[in-house]
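Per-entry structural report
As a plain string of letters, each chain reads:
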2 protein chains.
Amino acid sequence: MLSESILRELREVLGGKNVLSETEDLLTYAYDATAAMRRKTPDVVVAPKSTEEVSQVLNIAQKYGLPVYPRGSGTNLSGGTIPLEGGIVLSLLNMNRILEVDTENLTATVQPGVIIQDLNNEVALHGLLYPPDPGTVTTATMGGSVSESSGGLRGLKYGVTKHYVMGMKLVLADGKVIKWGGKTVKNVTGYDLTALFTGAEGTLGIITEILVKLIPAPETRKSLLGVFDDVDKAGRAISAIIRNRIIPATLEIMDNMTLRTVENFTHAGLPIEAEAVLLIEVDGYKEVVEREAALVEDVLQQEGAVEVKVAKDEQERERIWFARRSALPALAQKKPTTVLEDATVPRSKIPEMLKAIREIAKKYDLLIGTFGHAGDGNLHPTILTDERDKEEMARVEKAVDEIFQVAISLGGTLSGEHGIGIAKAKYLPLEFGEAGVRTLRRIKEALDPEYRLNPGKIVLRKE
Amino acid sequence: MLSESILRELREVLGGKNVLSETEDLLTYAYDATAAMRRKTPDVVVAPKSTEEVSQVLNIAQKYGLPVYPRGSGTNLSGGTIPLEGGIVLSLLNMNRILEVDTENLTATVQPGVIIQDLNNEVALHGLLYPPDPGTVTTATMGGSVSESSGGLRGLKYGVTKHYVMGMKLVLADGKVIKWGGKTVKNVTGYDLTALFTGAEGTLGIITEILVKLIPAPETRKSLLGVFDDVDKAGRAISAIIRNRIIPATLEIMDNMTLRTVENFTHAGLPIEAEAVLLIEVDGYKEVVEREAALVEDVLQQEGAVEVKVAKDEQERERIWFARRSALPALAQKKPTTVLEDATVPRSKIPEMLKAIREIAKKYDLLIGTFGHAGDGNLHPTILTDERDKEEMARVEKAVDEIFQVAISLGGTLSGEHGIGIAKAKYLPLEFGEAGVRTLRRIKEALDPEYRLNPGKIVLRKE
């Protein structure tokens, strides 16, 4: 509980209705979309309307020694928005304006509370596209997405959020405001703080304005579905496509368990006998799309696909992608708790990774459905469990440990797109060693020596 | 002069022939390609052959309190490699192996001493391309290029060096080795130190291994030359091309003074009466190239080009690009000193920037030829002068100040691709303000508290 005088100071800066301190208001800020994660109710939730107000909140936080937890829509999957130490949750949802779409320089400037899809709807009016496409695109905010450097379905061809952030305005732990980057592709002035703050999960500063790159929207697109009776063949087909110098916009995989569950949920007509399917979309100029789609079809057949379906129209295309988007919700309804991982490996290691996941499922007697962004090596092994079952949860934890160890031994990384947050902070030494973790800590402490910003995430205080 | 005992320690680690301490050997390390810049002879030049040896050199440097200046081929244009405080020049030229070209994951792993063109020759054997294309591609090293995040002619469509660095191994100021990033497009594990160290000009760590992304080489390409009797029309044509949703691989400009000088130098048949020419190349699939080239031709004509030439064959294409590549050497032979700037503006501001440069040339009575990467707003106003003429050099300095001020007021940046180094360190507050410069200093001091690595560049010690 905060003293009435602190609340009064906050109300003076933000206005009464933008400062929530009643228990029933605070409860929904105690958690985010991460399964089986600690919860903690904040002392207060504030929703500033400008960079200046964010700066004043940080000044008050500094004065009273309160931690500050920035938050967008709370779709985070690594516990990144949970206010572990209470204090202030700083909601950016009141800062939700698209400030500019610059059709000459192909950029957009937005406040952090803008929903990703809203930005894309706006730029589509100009024939433009903001490519990052996380699964939560219709609810997640730009601020959260930039802070997590979120990925999604178009990573293979178009890259992820960090490849589109060109600049930002942000408030540092001491309340000072800095601006970095700009509308030029070329910019080597000073260290690349735009890149450093992108994906920093709000632990180094609070982003209050974002400048992103846009691209001309592709003229057309075509989707294909390759059906395999063997997971390894599907895995090898992924590499074969790239080896043929085709970079599809999207290249997804679903294993048999995911397929069956999704079909049961969507009745989309998926081949439930298949061991795996690949879902592929190529896009661009009409001529290119024709050529690439034909080549992908050939490659899938050469690599032993039992069947290759090419979506004939927008309706068939929609059906394929609806099925893919249903993977997580379909799996999630099978069991009360869904532990969704995102360990990522070089794409040539996908067959090995898929095999390792199957073996881990068997070893720990767990239900694991695997789907994900195979083209960029980003699989989502999804463990279906029940967090009330302590014995099973202990096995889940061991399985997750092993998944990370395998991913790293294959040259991969702990997190492809969900972030480190609380969930993976303890695994960082596995990937970076002590010298690496110490380097992270030095940067954290250089910019936020008192661990005021989102404490308990990524870099933990030295014990 | 270093004591014999320090030299002996270095020789023990590196072998005698990799430790240079004779004055005549040291002299060539006192400068780089930057014009009108301070010089300083180092105390010793060392050329390690491995990460381990680099680490040991840093341990010795730490023990004796010596500064360390990493250096590739010395093509730097902002004084970045000059050993301002003497000490150790650490040449990476002995670490010049291409360690891997991974055709499945489309990556290459190289040591820092590899010449950019050598990497490109190697990956071309696999139908692949490493797109960053600075003017010094045949002499500059990958280590230097990554440390400067260098740009070049293909920035508009393909981005610059920072968009291709996926991971690295590096030695920190304390001699510890860390490894960051990997072969996956998606990687959000910890802060993006790969991005932080890219473009840090060797002030935060010594890069000893680099992992870069490759792309399938474009199938074909086509070049066009648009001739304008008015610089503003040429500037507007640049925006018009992008507005038509075409992103050429290359979109360059040369002004009249550059044209005349280049023609005199190359006899390439350039239109010396023109006020400006645009040189454009589109690339990709055959069908795309045809379509885009035709559209570019239309746009150039609509925007008032006096003439549009389309290169009919490889020979004509080569002639166009030879002329462009000759711009700097041609201008450089007119006067003893060539002050080459790279202030960069959003591309929509190119007409304003060109106008401002003309006015500045007039105001200070200077010869300024302007050419550059117009498509990404990266102009190279080139002041032709003589560093022995103190009075003129004073005017040059004022002109440069004004060019920076205009660039920043137009939403641009101090440096598009040449780096900050010594040359622009004093201008940083203009772009970032005091809070921004303080943030840079905090990061520098967190990783290199004693200013051991490349001191005097980017972030200066607080006075």
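Residues numbered from 1 in each chain as written. Chains lettered and ligands numbered in written order. Predicted model: local features only at pLDDT ≥ 70, side-chain atom pairs only at ≥ 80, totals over all residues. Heavy atoms only, no water.

1. Description of the relation of the copies chain A and chain B
Mapping chain A onto chain B is achieved by rotating through 180° and translating by 0.0 Å along the same axis, at an RMSD of 0.0 Å. Here the two chains are linked by the operation of a two-fold rotation axis. With an isologous cut-off of 70% or more, the 100% of interface residues of chain A that recur at the interface of chain B puts this contact in the isologous class. (Least-squares fit on C-alpha atoms with pLDDT ≥ 70 in both. Contact = heavy atoms within 4.5 Å.)

2. Description of the pairing of strand β12 (residues 220-228) of chain B
Across nine bridges, β12(B) lies against strand β14 (residues 276-284) of chain B in antiparallel orientation. Bridge pairing in β14(B) links Lys222(B) to Val282(B). (Pairing = 2+ DSSP bridges. Helix = DSSP H or I, 4+ residues; strand = E, 2+ residues; numbered from the N terminus.)

3. Examining the interface of chain A and chain B
Chain A puts 85 residues into the contact, and the matching count from chain B is 85 residues. A buried area of about 7,200 Å², summed over both sides, lies between chain A and chain B, and 60% of it is on carbon and sulfur atoms. A per-residue breakdown of the area chain A buries against chain B is headed by Lys186(A), Val188(A) and Tyr191(A), which together make up 14% of the total. Summed over the shared surface of chain A and chain B, the result is twelve salt bridges. (Buried area = accessible area lost by both parts, 1.4 Å probe. Salt bridge = Lys/Arg side-chain N within 4 Å of Asp/Glu carboxyl O.)

4. Details of the domain arrangement of chain A
Residue and element names in this part refer to chain A. For chain A, the assigned domains read domain 1 (4-91), domain 2 (98-216), domain 3 (220-328), domain 4 (330-409) and domain 5 (435-463). Between the C-alpha centres of domain 1 and domain 5 the distance comes to 20 Å. Facing the 15 residues of domain 1 at the interface are seven residues of domain 5. Between domain 1 and domain 5, the buried area comes to about 780 Å², and carbon and sulfur atoms account for 50% of it. At the boundary of domain 1 with domain 5, the tally comes to one salt bridge. Salt-bridge contacts for Glu85 lead to Arg461; the nearest nitrogen and oxygen are separated by 3.1 Å. Counting across the domain 1 and domain 5 interface gives eight residue pairs in polar contact (both at pLDDT 80 or more). Here the side of domain 1 that touches domain 5 is built from residues that sort into nine nonpolar, five polar and one charged. (Domains from an automatic or database assignment. Polar contact = N/O pair within 3.5 Å; in protein donor to acceptor, adjacent residues only side chain to side chain. Nonpolar A, V, L, I, M, F, W, Y, C, P; charged D, E, K, R; others polar.)

5. Structural notes on the packing of helix α13 (residues 350-363) of chain A against helix α14 (residues 390-409) of chain A
Packed helices, taken two at a time, are described by the angle between their axes plus the distance between the axes. Residue and element names in this part refer to chain A. It is the contact of α13 with α14, at a shortest axis distance of 10 Å, that shows an interaxial angle of 160°. Considered as vectors, α13 and α14 are oriented roughly antiparallel to each other. The handedness of the crossing between α13 and α14 comes out as right-handed. Along its contact with α13, which presents Met353, Ala356, Ile360 and Lys363, the element α14 presents Ala399, Glu402, Ile403, Val406 and Ala407. Here the residues of the contact of α13 with α14 are counted per class, giving seven nonpolar, no polar and two charged. (Axes fitted to C-alpha atoms, helices over the stretch in contact; angles between N-to-C directions. Parallel < 35°, antiparallel > 145°, perpendicular 65-115°, else oblique. Left-handed = near helix turned anticlockwise from the far one by under 90°.)

6. A few points about the confidence of the model for chain A
On average, residues of chain A carry a pLDDT of 95, and 100% of them reach 70 or more. Interface confidence for the predicted complex, given as ipTM, is 0.96, next to a pTM of 0.96. (pLDDT = per-residue confidence, 0-100.)

7. What about the pairing of strand β17 (residues 367-373) of chain B?
Residue and element names in this part refer to chain B. Of all seven residues that make up β17, six are buried, and the element is covered over most of its length. Where strand β13 (residues 250-255) and β17 come together, two bridges link them in antiparallel fashion. Opposite Ile253, over in β17, you have Gly372 as the bridge partner. Bridging between β17 and strand β18 (residues 378-385) involves seven bridges; their strand directions are antiparallel. Directly across from Gly372, in β18, lies its bridge partner Leu379. Following β17, the chain reverses through four residues before pairing antiparallel with β18; Gly377 in that reversal takes a positive phi of roughly 75°. (Buried < 20%, exposed > 50% of the residue type's maximum accessible area, 1.4 Å probe, protein only.)

8. Describing unusual backbone geometry
Not every positive phi belongs to a glycine, and His267(A) is a case in point at roughly 50°. Here His267(A) is to be found in the loop between α9 (256-266) and β14 (276-284). By relative accessible area, His267(A) is classed as exposed at 62%. Phi at Glu201(B) is positive, roughly 55°, even though this residue is not glycine. A relative accessible area of 3% means that Glu201(B) is categorised as buried.

9. Thoughts on the side chain of Asp133(A)
Along the polypeptide, Asp133(A) turns up in the loop between β7 (128-129) and α5 (142-148). When residues no more than four places from it in sequence are discounted, the contact partners of Asp133(A) are Gly151(A), Gly152(A), Leu153(A) and Arg154(A).

10. Focus: the side chain of Arg154(B)
Residue and element names in this part refer to chain B. Take Arg154: it is sitting in the loop between α5 (142-148) and α6 (155-158). Here Arg154 occupies a buried position and makes no salt bridge, while the nearest side chain of opposite charge, Asp133, is found at 4.1 Å. If we ignore the near neighbours within four places in the chain, the residues touching Arg154 are Asn120, Leu129, Tyr130, Pro131, Asp133, Gly159, Ala249 and Thr250. (Lys, Arg positive; Asp, Glu negative; His and termini not counted.)

11. Comments concerning the pattern of salt bridges
Residues and elements named next belong to chain A. Counted according to the given criterion, the structure contains 69 salt bridges over all chains. With its nearest N and O atoms 2.8 Å apart, the salt bridge here joins Lys183 to Asp102. Of this pair, Lys183 sits in the loop between β9 (177-181) and α7 (193-197) while Asp102 sits in strand β5 (residues 98-102); the two residues are 81 residues apart in sequence, bridging distant segments of the chain. Note on Asp102: relative accessible area 10%, which makes it buried. Salt-bridge contacts for Glu397 lead to Lys426; the nearest nitrogen and oxygen are separated by 3.4 Å. You can see Glu397 sitting in helix α14 and its partner Lys426 sitting in the loop between α14 and α15 (428-447), a full 29 residues away along the chain. Taken together, the salt bridges that share partners define one network made up of Arg221, Glu281, Glu314, Arg317, Glu318 and Arg325.

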